[in-house]
Amino acid sequence: GKLRETVAQPSRATRCRPPPPVGLEVTMPASRRTALKSQQYEKGVGKSNSNSKKEKAPFTVGPVVLALFLFVVVGSAILQIISSAQRGLV
C-alpha cells in the first residue's frame, strides 16, 4: 500500500473556547435570592468563632472510668491469648 501522511487532529480540549483574557471576569447574573443568601453568609462568616469564652465539654471521662475500660479491654485480650494458647492455636 501507499504511505500517507496523517495530520494529527486537535483533541477535544483544544477545540474548546479559549479562556477569557486576564482581568475580565465572566460571571453569570445571580438571581436576587442567591445574592441575598450570599450577603447573609458573608455577614455571618466570622460569628461562630467570635465567642471568647470556651465551654468545657459536659461529658468528660474520669480517670476511674478510663481505668476500668482499659482493665476490661486488656484483660479480655490477655484471656483470649491464654485460651488460644491452651488450644494450641499459637
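Because the structure is a prediction, the values reported are computed rather than measured.

### Quick look at the overall build of the chain
The number of helices and strands found in the chain is 3 helices and 0 strands. The order of helices and strands in the chain, counted from the N terminus, is α-α-α. The proportion of buried residues among the 90 residues of the chain is 1%. Carbon and sulfur atoms form 61% of the exposed surface of the chain, whose accessible area is close to 9900 Å².

### Brief notes about helix α3 (residues 63-87)
Over its 25 residues, α3 extends 36 Å from the first C-alpha to the last, a length consistent with the 36 Å expected when each residue adds 1.5 Å. Two residues or fewer after α3 comes Gly 88, characterised by a positive phi angle close to 85 degrees.

### Regarding the confidence of the model for the chain
Looking at the chain, the pLDDT average stands at 78 and 61% of residues meet or exceed 70. Looking across the chain, the model is least confident in helix α1 (residues 12-15), with a mean pLDDT of 59, and most confident in α3, with 95.

### Description of helix α2 (residues 32-43)
The end-to-end C-alpha separation of α2 is 17 Å, in line with the 16 Å expected for 12 residues at 1.5 Å each. Taking burial as the measure, the 12 residues of α2 include 0 buried ones, a minor fraction of the element.

The rules we used
Residue positions within a chain follow its written sequence, with the count starting from 1. Where local features are concerned, this predicted model is filtered to residues with pLDDT of at least 70; where side-chain atom pairs are given and counted, the filter is 80 or more; whole-chain, interface and lining totals use all residues. Excluding hydrogens and water, the side-chain values take into account all heavy atoms of the structure. Only DSSP runs of H or I with at least four residues qualify as helices, and only runs of E with at least two residues qualify as strands; both kinds are numbered from the N terminus onward. Under the scheme applied here, a residue whose accessible area is under 20% of the maximum for its type counts as buried, over 50% as exposed, and between as partly exposed, the area being computed with a 1.4 Å probe on protein chains only. Using the Shrake-Rupley algorithm and a 1.4 Å probe, accessible areas are obtained, with residue cover drawn only from the displayed protein chains. The span expected for a helix works out to 1.5 Å for each residue beyond the first. Summary of the metric used: pLDDT quantifies the predictor's per-residue confidence within the range 0 to 100.

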